[in-house]
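Architecture at a glance
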Amino acid sequence: MNEANDLAGGAVADQPTGAAAPGQAPETAPSGARPGAGRRRAARGRAGRGGSEPPLRHRIITVSLLTVAAIYFLTPVYWLVVSSTKSSSDLFGTFGFWFHDPHPLDYLHRVLTYDDGIYVRWFANSLMYAGVGALAATLMSAAAGYALAKYRFPGREGIFNVILAGVLIPGTALALPLYLLFSEIGLANTYWAVLIPSVVSPFGVYLCRIYAAAAVPDSLLEAARIDGAGEARIFSTLGLRLMTPALVTVFLFQFVHIWNNFFLPLVMLSDSDLYPIQLGLTSWQGYADRQPELYQYTVGGAFLSVLPLMVLMGVLQRYWRTGLTEGSVKA
């Protein structure tokens, strides 16, 4: 009898903490609960309350630095807006960061109608150079980057290294050789002299290759080939769509580069009717000593030249998205 009692007592002592005693109903966990789920929920609650947010001083420093950067970049734009409402005499005789007898529509109308509307022609030339050049450069960069990322062929890495070397060469170093080349074939002082060099973007090819290698899954391309799609259709329907954020970046960079390009048109063009905005405004500034009203026209023209870039940046920002292929490939 004593041995039986000792065995029963040992069995009860060996039971884990929280186990039901003999004769009692065992305690059951809630339906669907997993071991340790309560501890994980508590840890997540603690992290959500204070672990995920940076300290207050870090947020204050970050906001302060961003505010200083915004003021630094927006101050010239503010000065341009204010100065575009002033006459040439007021530009030099009044406080530069505040309005004085503003007549913005009148002054901008004078800019657009001066010299039979030459500024409108320069504006249209810039739109054509930048729009056509950036679009062609984006498509060529997408095709080249996609091919370098998704196809294996002899000399692939050598071609890519040559393209990377092209990124390091400044455009001003190529302007004079390009002028001599275009003069030999009779294309100097034409639209083609500015357009053809603008469709080449070594940085765009580099960016498209890196992005295509990361954002276009090989398994998705194989599935399309199994379904009978050709390589051209795969590139146009899958590759271009999945590479949209990179293509938007290349287009914006190339558009801004061509829009602000000054040295290449200066070397290539001698006819003022072919000038882009930047070269045209510089020619106005050169005559401003003899015609003081050109100071105001130059400032007003510079203000109008900024507007397309602001609109383009605002419109295309929504295409900068990541995770476009999420859920398209089964793990």
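Here the structure is a predicted model, which is why all the values come from computation and not from measurement.

The next point concerns the overall build of the protein chain. Secondary structure summary: the protein chain contains 16 helices and zero strands in total. Taking the intrachain contacts of the protein chain between residues at least 6 apart in sequence as the baseline, contacts between residues at least 24 apart amount to 72%. Accessible surface, the protein chain: about 20800 Å² in total, of which carbon and sulfur atoms supply 64%.

This part covers helix α5 (residues 104–113). In an α-helix, one full turn covers 3.6 residues, which means residues spaced three or four apart are oriented alike. Here α5 has its buried residues at Tyr107, Leu108 and Val111. The buried residues of α5 all sit within an arc of 95 degrees when viewed along its axis, so they share a single face. Count one or two residues on from α5 and you reach Asp115, which has phi positive near 55 degrees.

Those residues carrying the UniProt feature "transmembrane region" (unreviewed entry) are residues 60–81, 127–148, 160–182, 194–217, 238–259 and 294–316 in this numbering. What you have in residues 127–148 is 100% helix and 0% strand, and the ends, taken at the C-alpha atoms, are 31 Å apart. Taken end to end, residues 238–259 has its terminal C-alpha atoms 30 Å apart, with 95% of it in helix and 0% in strand.

Moving on to the pattern of salt bridges. Side chains carrying opposite charge are able to pair once their charged atoms draw close together. What the rule picks out here adds up to six salt bridges. The partner of Glu231 in a salt bridge is Arg225, and the shortest N-O contact between them spans 2.7 Å. A residue is classified by how much of its surface remains accessible, and Glu231, at 33% relative accessible area, is partly exposed. Taking the relative accessible area as the measure of exposure, Arg225 reaches 27% and is therefore partly exposed. Via salt bridges that share partners, Arg156, Glu157 and Arg209 belong to a single interconnected network.

Let us look at the side chain of Ser83. For Ser83, the location among the structural elements is in helix α3 (residues 56–83). Overall, Ser83 belongs to the buried group, its relative accessible area being 2%. Among all residues touching Ser83, those that are not within four sequence positions of it are Leu91, Gly96 and Val299.

Turning to a nonpolar patch on the surface, a few remarks are in order. Side chains of Leu74, Val77, Tyr78, Trp79, Val81, Phe95, Phe97, Trp98 and Phe99 sit close together on the surface and give an oily, nonpolar patch of about 870 Å² of accessible area. Note on placement: Val77 falls in helix α3. Relative accessible area serves as the criterion here: at 32%, Val77 is assigned to the partly exposed category.

Here we take up the environment of Ser126. In this structure, Ser126 sits in helix α6 (residues 118–150). Here the alpha-carbon distance between Ser126 and Ser305, two residues 179 residues apart in the chain, equals 9.3 Å. Setting aside residues up to four positions removed in sequence, Ser126 forms contacts with Gly131, Trp259, Pro276 and Ile277. Of the polar contacts made by the side chain of Ser126, one reaches the backbone nitrogen of Ile277; its length is 2.7 Å.

Right, let's talk about the environment of Leu220 for a bit. Counting through the fold element by element, Leu220 comes out in helix α11 (residues 218–226). As a C-alpha pair, Leu220 and Leu238 span 18 residues in sequence and 8.7 Å in three-dimensional space.

Two elements in contact, α11 and helix α12 (residues 231–242), have axes whose closest approach is 10 Å; the angle formed by their N-to-C orientations is 145 degrees. Taken as a pair, α11 and α12 cross one another with a handedness that is right-handed. Contacts between α11 and α12 involve Leu220, Leu221, Ala224 and Arg225 on the former and, on the latter, Glu231, Ile234, Leu238 and Leu242. Residue classes in the contact of α11 with α12 are distributed as six nonpolar, no polar and two charged.

We note that Asp116 has phi near 60 degrees; this positive angle belongs to a residue other than glycine. With respect to the helices and strands, Asp116 occurs in the loop between α5 and α6. For Asn189, which is not a glycine, the phi torsion comes out positive at approximately 60 degrees. Structurally, Asn189 can be placed in the loop between α8 (171–184) and α9 (192–198).

Before going further, it helps to examine the nonpolar core. Across soluble globular proteins, nonpolar side chains show a tendency to be buried alongside one another. Ranked by size, the top nonpolar core spans 37 residues in total, and within it Tyr119, Trp122, Tyr129, Phe255, Leu269 and Trp284 carry the most contacts. Of all elements in the fold, only α5, α6, α9, α13 (244–259), α14 (263–268), α15 (277–287) and α16 (293–316) reach the threshold of two or more residues within this core. The element best represented in this core is α16, accounting for seven residues. The next biggest cluster of nonpolar side chains, apart from the first, holds 15 residues, and it includes Cys208, Ala212, Leu221 and Ile234.

Cut-off values and rules
- Residues numbered from 1 in each chain as written.
- Predicted model: local features only at pLDDT ≥ 70, side-chain atom pairs only at ≥ 80, totals over all residues.
- Heavy atoms only, no water.
- Helix = DSSP H or I, 4+ residues; strand = E, 2+ residues; numbered from the N terminus.
- Contact = heavy atoms within 4.5 Å.
- Areas by Shrake-Rupley, 256 points an atom, 1.4 Å probe, with all protein chains shown as cover.
- Buried < 20%, exposed > 50% of the residue type's maximum accessible area, 1.4 Å probe, protein only.
- Arc of directions from axis to C-beta.
- UniProt positions renumbered as here; feature names shortened; annotations may be inferred.
- Salt bridge = Lys/Arg side-chain N within 4 Å of Asp/Glu carboxyl O.
- Patch = residues over 30% accessible without salt bridge, like charges linked within 9 Å, V, L, I, M, F, W, Y side chains within 5 Å.
- Polar contact = N/O pair within 3.5 Å; in protein donor to acceptor, adjacent residues only side chain to side chain.
- Axes fitted to C-alpha atoms, helices over the stretch in contact; angles between N-to-C directions.
- Left-handed = near helix turned anticlockwise from the far one by under 90°.
- Nonpolar A, V, L, I, M, F, W, Y, C, P; charged D, E, K, R; others polar.
- Core = buried A, V, L, I, M, F, W, Y, C linked by side-chain atoms within 4.5 Å.

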